[in-house]
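Here are the chains, one letter per residue:
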Amino acid sequence: MISVKQDVSTNPTSARNAQWGGRFAAGPAAIMRDINASLGFDRRLWRHDIAGSRAHATMLAHVGILSELDHEAIQSGLDAIAAEIESGQFVFDPVLEDIHMAIESRLTTRIGEAGRRLHTARSRNDQVATDFRLWLRDAIDGLTTQTHALMRALTTRAAEHAATPMPGFTHLQTAQPITFGHHLLAYVEMLARDVGRLADGRARLNESPLGAAALAGTGFPIDRTATAAALGFARPMANSIDAVSARDFALEFLATAAIAAIHLSRLAEEIILWCSAPFSFVTLSDAFTTGSSIMPQKRNPDAAELIRAKTGRISGNLLALLTVMKGLPLAYAKDMQEDKEPVFDTADAWSLSLAAMEGMVHDMQPNLSRLREAASQGFSTATDLADWLVRTLHLAFRDAHHITGRIVARAEALNCPLEALPLAEMQAIHPDIDARVLSVLSLDASLASRASYGGTAPNQVAAQAAAWLARLAPDHAK
């Protein structure tokens, strides 16, 4: 936030905002300027503010409210202002409060009276709502592209490791063998739902508030359909009050971001565990780790830890805007100025997290021998034994479960893996067990057997990875 410490009385001319100052005899107190100004953060809307003004000016000229001479002057003035901002020459004066006033003031300075006519038939209320939707639409498109890139990275690694065994966990206890590729594809599915939520939210926000004016519409004969089309909106919003007061599009984005951040945090947490010495499932290079100031042997997965931490700020931003909007009477209130910083911050944090996670997925190297060793531990093929008892001996599953539990207990007592337990030991628990059971107790046999749709069998994983890579090809992932 830009801070203005000069007292009003020392500079009354510059302190008063000429855009709305006709009603006021004196300028605001310095603290009022500080709390009221949003230019420090909403300046990032400048491209969208200029785009909205271009569309509005063209429409005003088309319906005869602006002369063609004024229209041309406005468009050329906006061109010049865009160039000034791009080059860093534009002066963002905090007295002008926000990006809308900053651009309009500069336009009037450059082209004179024509610049003052641009605001005909619109208000800052519909102007900011339009700019915000345009900005968020672009942010959603960028985040969607980034999420697709992460999905491609995960799917590429999944295809490489479609047959690489690793332990599957429930309760963080060894459950059944799975493949590393299968595990990575689980996150691809989660990210795909994030993309779906972004697309749904984008479709709902893609309506134009422009022309709703302050809250009641306008008496000028404007063409809201034309400005909506010019800005790429599907349609103008149907209710002028809703157009200026709705922020559910921002809330929906924040909710989607919070869910997506949790998905990224879960993967980050697993990478952190996998990199630890007790797991040693993967290693990360120096590119995505840091060292310790005191322990020279350390390689810390800080990128993953920071992704995990950003979930807190993203979830907090959702709660912040929910709290701002709770109980606000219609239509616009200044409280709603607090809508942008949580959204901007969330988009930035989400984008950075996606980029860092994509980098780590490309970078990480699975420890194949350690993954196989861990997949074989904890009697992970016990369910395969129970299934064999059901299929071959036609036992009820609950009976098979009980018998398998006794066999596992015996193997544990003898301190040997399940597949190495002597057949006689199993027959002592159930005499009908025969040598055929040995064929289902190996790690690879267990993996191959899970061939149901969506299962962890290597052929299933390879097929799912191939299907995802086809869907995520640049000409399809749009």
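This text follows the structure it describes.
Since this is a predicted model, take the numbers as computed values, not measurements. (Residues numbered from 1 in each chain as written. Predicted model: local features only at pLDDT ≥ 70, side-chain atom pairs only at ≥ 80, totals over all residues. Heavy atoms only, no water.)

1. A look at the pattern of salt bridges
Line of reasoning, step 1. Inspection of the entire model under this criterion finds 23 salt bridges.
Line of reasoning, step 2. A salt bridge links aspartate 141 to arginine 202; the shortest N-O distance between them is 2.7 Å. With aspartate 141 in helix H8 (residues 124–160) and arginine 202 in helix H9 (residues 180–205), the pair connects residues that are 61 residues apart, well separated along the chain.
Line of reasoning, step 3. Accessibility expressed as a relative area gives 32% for aspartate 141, which makes it partly exposed.
Line of reasoning, step 4. Residue classification places arginine 202 among the partly exposed residues on the basis of a relative accessible area of 24%.
Line of reasoning, step 5. Arginine 197 is the partner of aspartate 194 in a salt bridge, and the nearest nitrogen-oxygen pair spans 3.0 Å. (Salt bridge = Lys/Arg side-chain N within 4 Å of Asp/Glu carboxyl O. Helix = DSSP H or I, 4+ residues; strand = E, 2+ residues; numbered from the N terminus. Buried < 20%, exposed > 50% of the residue type's maximum accessible area, 1.4 Å probe, protein only.)

2. Points about the packing of helix H4 (residues 46–62) against helix H6 (residues 99–111)
Line of reasoning, step 1. Axis separation between H4 and H6 bottoms out at 10 Å; the angle between their running directions is 60°. Judged on the interaxial angle alone, H6 and H4 are oblique. Read as a crossing pair, H4 and H6 show a hand that is right-handed. Contacts between H4 and H6 pair Trp46, Asp49 and Ile50 from the former with Ile99, His100 and Ile103 from the latter. (Axes fitted to C-alpha atoms, helices over the stretch in contact; angles between N-to-C directions. Parallel < 35°, antiparallel > 145°, perpendicular 65-115°, else oblique. Left-handed = near helix turned anticlockwise from the far one by under 90°. Contact = heavy atoms within 4.5 Å.)

3. As for unusual backbone geometry
Line of reasoning, step 1. A cis amide bond links leucine 330 to the next residue, alanine 331, at an omega of 10°.
Line of reasoning, step 2. Here alanine 331 is to be found in the loop between helix H13 (302–325) and helix H14 (340–363).
Line of reasoning, step 3. Here the phi dihedral of serine 280 falls at roughly 55°; this positive angle occurs in a residue that is not glycine.
Line of reasoning, step 4. On the accessibility criterion, serine 280 (26% relative accessible area) is partly exposed.
Line of reasoning, step 5. With a phi close to 55°, asparagine 415 is a non-glycine residue in the positive phi region.
Line of reasoning, step 6. Among the secondary structure elements, asparagine 415 is positioned in the loop between helix H17 (397–414) and helix H18 (423–429).
Line of reasoning, step 7. Residue asparagine 415 is classed as exposed on the basis of its relative accessible area of 72%.

4. Overview of the packing of aromatic side chains
Line of reasoning, step 1. Inspection of the entire model under this criterion finds 8 aromatic pairs.
Line of reasoning, step 2. Taking 6.3 Å as the distance between ring centres and 70° as the angle between the ring planes, the aromatic pair formed by phenylalanine 169 and phenylalanine 279 counts as edge-to-face. Here the residue phenylalanine 169 occupies a position in strand E1 (residues 165–170), and phenylalanine 279 occupies one in the loop between helix H12 (248–275) and strand E5 (282–283), the gap between them amounting to 110 residues.
Line of reasoning, step 3. For phenylalanine 279, a relative accessible area of 18% gives the class buried. (Phe/Tyr/Trp six-rings, centres within 6.5 Å; stacked < 30°, edge-to-face > 60°.)

5. Things to note about H8
Line of reasoning, step 1. Relative to the 54 Å expected for 37 residues at 1.5 Å per residue, H8 spans 54 Å between its end C-alpha atoms, a close match to the ideal helical length.
Line of reasoning, step 2. With 27 of 37 residues buried, H8 lies mostly within the body of the structure.
Line of reasoning, step 3. One side-chain oxygen at the N-terminal end of H8 lies 3.0 Å from the backbone nitrogen of asparagine 125; it belongs to serine 123. (Expected span 1.5 Å × (residues − 1). Polar contact = N/O pair within 3.5 Å; in protein donor to acceptor, adjacent residues only side chain to side chain.)

Keep in mind that these numbers describe shape and distance, not what the molecule does.
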